[in-house]
Each structure stands twice: as structure tokens, then as C-alpha cells.
Amino acid sequence: MNNYFQDTKELEAIGHEALQSASKALSKILGYDVRIKLASAFMLSPINLMEVLGKESAFDVATAYSKLKGMLSGIILLAIPLNDAAETLKNMILRTLGVSMLNEEIATDLFKEIANIFFGAIATSLYNKYKIIVSYSVPKVVIDNFMAILDNIVTLYIMEFDELVIYDAEIVGENTPRIKILIIPEEGRKFSRSELVAGDFR
Amino acid sequence: MTELRLIKVTESSLIAELRKNTITVNIGSYIISKNPARLATWALGSCIAIVLFDPLTSAGSLAHALLPQPRHEVDSPGKYVTTAVHAMVRGLQSIGASIRRLRAVLVGGANILDFAKNISVSTRNIQVAREVLTLKYGIPIIDEDVGGKVGRNVVFEISKGVVYVWYTARSLFGNKINISHGGNKFWSVG
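Residues numbered from 1 in each chain as written. Chains lettered and ligands numbered in written order. Predicted model: local features only at pLDDT ≥ 70, side-chain atom pairs only at ≥ 80, totals over all residues. Heavy atoms only, no water.

**Details of the interface of chain A and chain B**
Rule in force here: By definition, residues are in contact when any of their heavy atoms lie within 4.5 Å. Here the quantity called buried area is the total loss of accessible area, with a 1.4 Å probe, experienced by two parts when brought into contact, counted for both. By definition, a salt bridge exists where a carboxyl oxygen of Asp or Glu is found within 4 Å of a side-chain nitrogen of Lys or Arg. Within 3.5 Å is the distance limit for a polar contact, defined as a pair of N or O atoms, with the added protein rule that one can donate a hydrogen and the other accept it, and that residues adjacent in sequence qualify only through two side-chain atoms. Helix and strand assignments follow DSSP, with helices taken as H or I runs no shorter than four residues and strands as E runs no shorter than two, numbered in order from the N terminus. Residues are grouped as follows: nonpolar covers Ala, Val, Leu, Ile, Met, Phe, Trp, Tyr, Cys and Pro; charged covers Asp, Glu, Lys and Arg; every other residue, Gly included, is treated as polar.
Every contact between the two is made by 38 residues of chain A and, on the other side, 31 residues of chain B. Across the chain A to chain B interface the summed buried area is about 2800 Å²; carbon plus sulfur atoms make up 66%. Summed over the shared surface of chain A and chain B, the number is 1 salt bridge. Residues Asp114 of chain B and Lys140 of chain A are paired through a salt bridge, measuring 3.0 Å at the closest nitrogen-oxygen approach. At the surface where chain A touches chain B, the tally comes to 11 residue pairs in polar contact (both at pLDDT 80 or more). The greatest single-element share of the side of chain A that touches chain B, amounting to 10 residues, is contributed by helix 5 (residues 146-157) of chain A. Considered class by class, the residues forming the side of chain A that touches chain B number 22 nonpolar, 6 polar and 10 charged.

Right, dumping it as C-alpha cells:
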């Protein structure tokens, strides 16, 4: 499995900074301390996406995704195992709002807002570290089997891009739900270490 | 003779039963087999599952194709609709099936992620599969469950000539989603 991965120190640096920033933003909004730590960052070609992620991710996920625009275009996607997502959202809402009942519509909106915070944090980190300017569309939510979503992504991009970036993270203290953040560059752009350093995504 | 048909499944107990003793067709591949194999392919997104069946010999094939057609050289025939159908037809003929008796079912081609480019790929998969099967090979498409916005699982029970399909979409709290009209409308069933 490690054969697919490359040296991803810069990606890890972005991930660490983005997740710290997302933790702070979430803590502020929710009113209690939320810590999200990076477990790993790696790069993967689309043809290997299902083989590698599929083995560990054959489960239903709550997924929020946005279209990236600017110096880096493509898709950014946040996926949380469905059981963890529902539980975490319930806990967050109950602790924040002090209500006993959770409406699915409110939970979905909260999930979109959380994704918004994550995507914003990553966009900010990309700018802070490499002066890469990106914007993203309002997050949409889809809940399905992760493999089916990956199938969609592979079909979309197998002919057009070389590698995508995957951040594996966890929320500390919330039964440590795993989070996957995928950044999928469009149109054959190579999200490589050297280009990150150079900041050349145009 | 056993005629090919498609059945949409919602009962959890039947789904659990259908998952047993299956031979998995991986993404970008196809399998040809004779009765009594139970072929399956999981989590179809915009990919398309093509089922071919000869009711007289009970020879069948299932493919999980990613893209409509190759742009350059063909690395794997199962990866593309055009080359998969060709390979399936030839393979079925080699085990006694007749192209005149072959019947087809199509499943998949969903647009789970709501992007225009995605619609184009999934729609092309469906269109090309229809064209290749009916126009190039003259194989009737008996039934199909295509399009929409949800993932699908497929089990092809060759002994019965039945293609079972169920949806993988969920609500945020884990409830199953019921689908009508090829996956374009859905509601929670708890």
C-alpha cells in the first residue's frame, strides 16, 4: 500500500495548519474545545483509489463536497463514516444548543457548516503557506456508500488527473471519528510536492 | 427457458442473503460464467453494470465498466463499455451462447456528485451501452435501472436469470432511502 504514496511533508504541513485552524473555528462556534488531529496525508492516483481506500472504507459515509476554483481547481470532499457522523453531530448539537431532539435538516445544515469550516481552513492554509488562492462553492451533502462515491470520482477523473491528495484525520474526544478529506485537482494538474513548493498551479 | 429479468430489492433479509456466496466483479472488469454462479458488483456510481444472458444455455456475464470508450490503446477491455460488450459477447459465444439469444440488462450510470461533468460521463456510459448493445450487436435490453443520484449494488443470479438491484443511499441518521423512477426521486423509509 505504501508504494502508492510519496513524500508528503508539505501536504502534512498544510493539513496540520488547516486542521488546527478548523479546530479553533469549530470550538468557537460550538462553545467547547474541539481538537482535530491529522493522522496521515498521502497522494494517490485515481486508478488506485478504490483499491486502497475501498479496502478500508467499504461503509456508508456522510460526505460534503465543494467545487474548487482559482489557482487550484477540482473538488474538495469531506467524508465521515455515517455512524460516527450522526453521533458526532448529535453530540455537537446537543452540547451547543442544549436541545434533546435532533432534526435531520438541522444536522445536515450543521454538517455543511462544518465542511465549510474545513474547506475554508484548507484554503487559508494554502494561501498562507504557498500563496495559492482558491475559492470553493457552497458545500453539498450526499450520503451513500463510500465506494459508490469513489466510483463516481474515479470515473470523472481517471483520464484527466494524476494524483489526488487525501488527509486522514480524527476528532479527539468524540469517540475519535475518522475524517477523510480528499482534494482532487482537475484537468491533469499534478498536486506534487515540487509544485506545491513552487506554488505553480496555473 | 429462464428469461432474464430485473428485480429491485429493499428487504434487508433478502439483501443479506444475496450477499452470500457471490463472485465479485471488480471495477473495470467482467466475468463470464455458466449456471449456477452468482455474480455481483458493488457500489456502482457513474460506472455502468452490463448484464448479458443466454436463456437457453444459462450462460451469463456481468461487467462493471467505468467509461464509454477508450481514447487510446485498450489497457483492460472491462474498463470501457464498448470493449467490455465485445469481450463479453465473444466470451459467451465461446461457452456455447448464441448472440441471437442474448438479452441484456443495464444498471448504474448515476450522478452522485452534482457536477455537470459527472452528468456527462454517466449519461454517456448509458447512451453508449444502449447503442452498442442494440445497434452494433442487436441485443435487446430487457430492463434497466439507470441514472439518478444514488449508488447501486448488483447481484446476477444466473440460475434464475435474475438481476437483483438495491440502492446504497442513506439518510444522515442511517435510514435506508427508497427510490422511484430510476433513482430520481427518493424518500426515507426508516
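On we go.
**Some points on the pairing of strand 6 (residues 59-65) of chain B**
Along any regular strand the residues' side chains alternate between the sheet's two faces. All names here are of chain B. How we decide: Residue exposure (1.4 Å probe, protein chains only): buried if accessible area is under 20% of the type maximum, exposed if over 50%, otherwise partly exposed. Paired strands, in this sense, are two strands between which DSSP finds at least two bridges.
Along strand 6, 7 of the 7 residues are buried, which leaves the element largely enclosed by surrounding structure. Neither face of strand 6 is open: one carries Ala59, Ser61, Ala63 and Ala65, the other Gly60, Leu62 and His64, and all of them are buried. Pairing geometry for strand 3 (residues 29-34) and strand 6, over 6 bridges, is antiparallel. Residue pairing across strands places Ile32 opposite Ser61, the latter belonging to strand 6. As judged from the 7 bridges shared by strand 5 (residues 48-54) and strand 6, these two strands associate in the antiparallel manner. If you follow Leu52 over to strand 6, its bridge partner there is Ser61.

**A look at unusual backbone geometry**
With the exception of glycine, the majority of residues adopt a negative phi angle, and the majority of peptide bonds are in the trans configuration. Residue and element names in this part refer to chain B. In this model, Asn35 is joined to Pro36 through a cis peptide bond whose omega is 10°. Relative to the helices and strands, Pro36 is located in the loop between strand 3 and strand 4 (38-44). Look at Asn21: it is not a glycine, yet its phi comes out positive at around 55°. With respect to the helices and strands, the residue Asn21 is situated in the loop between helix 1 (12-18) and strand 2 (23-24).

**Quick word on the sheet that holds strand 5 of chain B**
Residue and element names in this part refer to chain B. Applicable threshold: Note on geometry: axes are lines fitted to C-alpha atoms, helical ones only across the stretch in contact, with angles between N-to-C directions running from 0 to 180 degrees.
Spatially, 3-6-5-7-8 is the arrangement adopted by the 5 strands of the open sheet, whose pairing is mixed. Looking along the sheet, the strands with just one partner apiece sit at the ends: strand 3 and strand 8 (141-146). Across the sheet, the mean angle separating the axes of adjacent strands is 10° when strand polarity is ignored. Its contacts with the sheet put helix 2 (residues 81-94) on strand 3, strand 5 and strand 6, and the angle it makes with strand 6 is roughly 165°.

**Thoughts on the sheet that holds strand 1 (residues 5-8) of chain B**
Residue and element names in this part refer to chain B. The strand order 1-10-9-4-2 describes an open sheet built from 5 strands, whose pairing is mixed. Edge positions in the sheet fall to strand 1 and strand 2, since each of these pairs with one other strand and no more. Here 4 bridges tie strand 1 to strand 10 (residues 162-167), and the two strands are oriented parallel to one another. Opposite Lys8, over in strand 10, you have Val165 as the bridge partner.

**A look at the pattern of salt bridges**
All told, the structure shown has 9 salt bridges over all chains when counted by the stated rule. With its nearest N and O atoms 3.9 Å apart, the salt bridge here joins Arg35 of chain A to Asp33 of chain A. Its salt-bridge partner being Asp145 of chain B, residue Lys8 of chain B comes within 3.3 Å of it at the nearest N-O pair. With Lys8 of chain B in strand 1 and Asp145 of chain B in strand 8, this pair connects stretches of sequence that are 137 residues apart. Under the relative-accessibility criterion, Lys8 of chain B is labelled partly exposed at 41%. By relative accessible area, which is 1% here, Asp145 of chain B ends up buried. Each of Lys140 of chain A together with Asp114 and Lys149 of chain B takes part in one network of salt bridges that share partners.

**Topic: the packing of aromatic side chains**
Note the threshold: Ring pairs are drawn from Phe, Tyr and Trp, using the six-membered ring of Trp, whenever the two centres fall within 6.5 Å, and their geometry is named by plane angle: stacked under 30 degrees, edge-to-face over 60, tilted for the rest.
Enumeration over the complete set of coordinates arrives at 3 aromatic pairs over all chains. Ring plane angle 85° and centroid distance 6.0 Å describe the contact between Phe119 of chain A and Tyr136 of chain A, whose orientation is recorded as edge-to-face. You can see Phe119 of chain A sitting in helix 4 (residues 104-130) and its partner Tyr136 of chain A sitting in strand 4 (residues 134-136), a full 17 residues away along the chain. Phe119 of chain A sits in the buried class, given a relative accessible area of 2%. Take Tyr136 of chain A: its relative accessible area is 25%, and that puts it in the partly exposed class. Relative to Phe156 of chain B, the ring of Phe53 of chain B lies with its centre 5.9 Å away and its plane at 85°, an arrangement referred to as edge-to-face. Of the two residues, Phe53 of chain B is situated in strand 5 and Phe156 of chain B in strand 9 (residues 152-157); the sequence distance between them amounts to 103 residues. Here the two residues Phe53 of chain B and Phe156 of chain B agree in accessibility, since each one is buried.

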